Amino acid sequence: MTYSEIVIAEIQNGNLEEVETNLQLALENDDDETLYLLGNTLYQLGFLNETQRVYNHLLDLYPNDDELKIYLAEIEIEDGNELEALELLHSIDETSSSYTQALLVEADYYHLNELPEVSIQKLKEAAEILPNEPVVQFALAEVYFTIADYQNAIQYYEALMTEGHEEIAGTLISVRLGNAYLMVGEYEEALGYLNEALTYKDDPEVYYQLGLIYIQQEEYIKAIEPLNKAKTLDPSLSGVYLLLAEVYEQQNQLEKALEEIEEGLNYNEINIDFYFKAAELAAKLDDFEKAEIYYEQALEIEPDNDRTILKFAEFLNYMEDYEEAIQLFEHTDESIRQLPESLWVLAVAHNNIEEYDEARTLFDQAAVYLEDQLEFLKDYAFFLREDGQRDKMRAVVKKYMKLNPEFDEEMASLLDDFDY
């Protein structure tokens, strides 16, 4: 038995304290081929430091072994030693048979570090060397897909499909094409590829995407079957419950919509969007007590979430609990209180409890940021009328009418002499 074999045996038996000693003996006594195998096995087992020792030892013996440099660069990247990794990769000459692989490792590094343009540059250089290499084409497609350049992604994915590549690195090309066509709004193409993907395997994400497409096309009845299949295959897929709730809400089946959200909460009790939707649906069902409970639960989960605070405050205003809405903001961070939407909600609350000076200040502050929000402009205009600021009210109404040229009886009533 070689010392390399002893090292692996000690790891598998959990005798890690013996690994260091036997690894050193392996480096001193085992032949190079055995050490190459040892390094590969150690890497697969996740012992990166030990792998690095073996490969560095071999690189000292064979300084022109570019494959070793690539292996070591990948370990350096995993360890966060990016400069050392790039130095190793840049040391590989363009004439080397390993140069293309070095470009792929560099491209992956730049992609992960949110430098997609550099990643694409490296991949295109690799494509010039190996124009028919599917791994390179797939990598280019993936980078374009992740930066939402779906048209370019589609071009590369379709080329792979044409060449007969149905799956690469565990990813079905038809799934990617279906998703890409969905994102550019070409729903029929998307449906074709996603249904093709399902001939290979049942995938809850694919059923989810099918349901989403039908919803986008307002074919709500058709969306139910694939969404239910997605839920059956993966009950933890949170988005399914939200989409099914949307389907039933569109059909005015509010009780069933709420049941879907409550079922989703059984699998994910910390999904804030579930609580928002449940509260909204409960309110539509006139179960305001339940709606308030859902908002309170959301607030318990994420007390510093500005969306939670704003939605709860808007609900409290709707319920005419103006003082409670104001108190809600008293316990929040100043940055949340100064959000334009917060200023608006607070202005409405103060106005309704006849604290007009505070309401005036808040409305004026919010107006700086919300001058293109129709609902805000409407609230502001009615406040200005009651506050006696007729000239300012006229300017706000004119701004509203410019943004919304369709006739609005409420706004038109503010200006008897204004030709709408």
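Scroll up to find the structure this text is about.
In this text the structure is predicted, and so the values were computed from the model without any measurement.

Enquirer: Mind laying out helix α9 (residues 134–146), listing which residues take part and the relevant values?
Expert: Its 13 residues place the ends of α9 18 Å apart at the C-alpha level, agreeing with the 18 Å of an ideal helix rising 1.5 Å per residue. By the criterion of burial, α9 is predominantly enclosed, with ten of the 13 residues buried. Listed as buried for α9 are Pro134, Val136, Gln137, Phe138, Leu140, Ala141, Glu142, Val143, Tyr144 and Phe145. Check the buried side of α9 and you find it contacts α7 (99–112), α8 (116–129), α10 (150–162), β1 (167–168), β2 (171–172) and α11 (173–183). Of the residues trailing α9, Ala148 is marked for its positive phi of about 65°.

Enquirer: Describe in detail unusual backbone geometry, supporting the description with residues and values.
Expert: One can expect most non-glycine residues to show negative phi and most peptide bonds to be in trans. Even without a glycine there, the phi angle at Glu218 is positive, about 60°. You can see Glu218 is positioned in the loop between α13 (204–216) and α14 (220–233). On the basis of relative accessible area, Glu218 is assigned to the exposed category, the value being 59%. A positive phi angle is found at Glu354, which is not glycine, with a value near 65°. Structurally, Glu354 can be placed in the loop between α22 (340–352) and α23 (356–367).

Enquirer: Describe the packing of helix α4 (residues 48–61) against helix α5 (residues 66–78), and please don't skip the residues or the numbers.
Expert: Between α4 and α5, the shortest axis-to-axis distance is 10 Å and the interhelical angle comes to 150°. The pairing of α4 with α5 is recorded here as roughly antiparallel in orientation. Once α4 is placed against α5, the crossing between them reads as left-handed. Contact residues: Leu48, Thr51, Gln52, Tyr55, Asn56, Leu58 and Leu59 in α4; Leu68, Lys69, Tyr71, Leu72, Ile75, Glu76 and Glu78 in α5. In terms of residue class, the contact of α4 with α5 is made up of eight nonpolar, three polar and three charged.

Enquirer: Tell me about the packing of aromatic side chains, and name the residues and values.
Expert: We describe a pair of aromatic rings using the distance from one ring centre to the other and the angle between the two ring planes. One pass over the full model with this rule turns up 18 aromatic pairs. Joined through ring pairs, the aromatic side chains of Trp344, Phe363, Phe376, Tyr380 and Phe383 make up one cluster. Positioned above the aromatic ring of Phe145, the side-chain terminus of Arg176 is 5.3 Å from the ring centre. It is Lys311 that lies over the ring of Phe276; its NZ or CZ is 5.4 Å from the centre.

Enquirer: Pulling in residues and values, what's your account of the environment of Tyr294?
Expert: Take Tyr294: it is sitting in helix α18 (residues 288–301). Take Tyr294: its relative accessible area is 9%, and that puts it in the buried class. In the structure, Tyr294 is positioned 18 residues away from Phe312 in sequence and 9.3 Å away in space, judged by C-alpha atoms. With near-sequence residues (within four places) excluded, Tyr294 lies in contact with Glu262, Leu265, Tyr275, Ala278 and Ala279. In terms of polar contacts, Tyr294 uses its side chain to reach the side chain of Glu262, at 2.7 Å.

Enquirer: Provide a residue-level description of α8, including the pertinent values.
Expert: Taking 1.5 Å as the rise per residue, α8 with 14 residues should run 20 Å; its terminal C-alpha atoms sit 20 Å apart, in good agreement. Contact partners of the buried residues in α8: α7 and α9.

Enquirer: Explain the pattern of salt bridges to me, and be specific about the residues and the numbers.
Expert: Close approach of charged atoms lets side chains of opposite charge pair. For the coordinates displayed, the defined rule picks out 22 salt bridges. Two residues, Lys231 and Glu263, come together in a salt bridge whose shortest N-O distance is 3.2 Å. Of this pair, Lys231 sits in helix α14 while Glu263 sits in helix α16 (residues 254–267), placing them 32 residues apart in sequence. Salt-bridge contacts for Arg360 lead to Asp387; the nearest nitrogen and oxygen are separated by 2.7 Å. Of the two residues, Arg360 is situated in helix α23 and Asp387 in the loop between α24 (374–386) and α25 (390–403); the sequence distance between them amounts to 27 residues. With relative accessibility at 22%, the residue Asp387 sits in the partly exposed group. One salt-bridge network, in which partners are shared between bridges, spans Glu249, Lys277, Glu280 and Lys284.

Enquirer: Any details on the packing of helix α2 (residues 19–29) against helix α3 (residues 32–45)? Residues and values, ideally.
Expert: Where α2 contacts α3, the two axes come as close as 10 Å, and the packing angle between them is 150°. The residues of α3 that touch α2, namely those facing Leu23, Ala26 and Leu27, are Leu35, Leu38 and Leu42. Of the residues assigned to the contact of α2 with α3, the class counts are six nonpolar, no polar and no charged.

Enquirer: So what about the environment of Tyr356? Which residues, and what values?
Expert: Mapped onto the secondary structure, Tyr356 falls in helix α23. Measuring from C-alpha to C-alpha, the distance between Tyr356 and Glu386 comes to 9.8 Å, with 30 residues separating the pair along the chain. Sequence-distant contacts of Tyr356, defined by excluding residues within four places in its chain, comprise Asn351 and Phe383.

Enquirer: Quick one: what's the story with the nonpolar core, residue by residue and with numbers?
Expert: Core analysis: the biggest nonpolar cluster contains 140 residues, and Leu38, Leu227 and Phe376 have the highest contact counts within it. Broken down by element, this core gets its largest block of residues, nine residues, from helix α17 (residues 272–284). If sequence neighbours within four positions are ignored, Phe376 has contacts with Trp344, Phe363, Ala366, Ala367 and Leu370.

Enquirer: Before we move on, can you summarise the side chain of Thr100 with the specific residues and values?
Expert: In this fold, Thr100 is placed in helix α7. Relative accessible area serves as the criterion here: at 9%, Thr100 is assigned to the buried category. With residues up to four places along the chain from it excluded, the contact list for Thr100 reads Ala126, Ile129 and Leu130.

What counts and how
- Residues numbered from 1 in each chain as written.
- Predicted model: local features only at pLDDT ≥ 70, side-chain atom pairs only at ≥ 80, totals over all residues.
- Heavy atoms only, no water.
- Helix = DSSP H or I, 4+ residues; strand = E, 2+ residues; numbered from the N terminus.
- Expected span 1.5 Å × (residues − 1).
- Buried < 20%, exposed > 50% of the residue type's maximum accessible area, 1.4 Å probe, protein only.
- Contact = heavy atoms within 4.5 Å.
- Axes fitted to C-alpha atoms, helices over the stretch in contact; angles between N-to-C directions.
- Parallel < 35°, antiparallel > 145°, perpendicular 65-115°, else oblique.
- Left-handed = near helix turned anticlockwise from the far one by under 90°.
- Nonpolar A, V, L, I, M, F, W, Y, C, P; charged D, E, K, R; others polar.
- Phe/Tyr/Trp six-rings, centres within 6.5 Å; stacked < 30°, edge-to-face > 60°.
- Lys NZ or Arg CZ within 6 Å of the ring centre and 35° of its normal.
- Polar contact = N/O pair within 3.5 Å; in protein donor to acceptor, adjacent residues only side chain to side chain.
- Salt bridge = Lys/Arg side-chain N within 4 Å of Asp/Glu carboxyl O.
- Core = buried A, V, L, I, M, F, W, Y, C linked by side-chain atoms within 4.5 Å.

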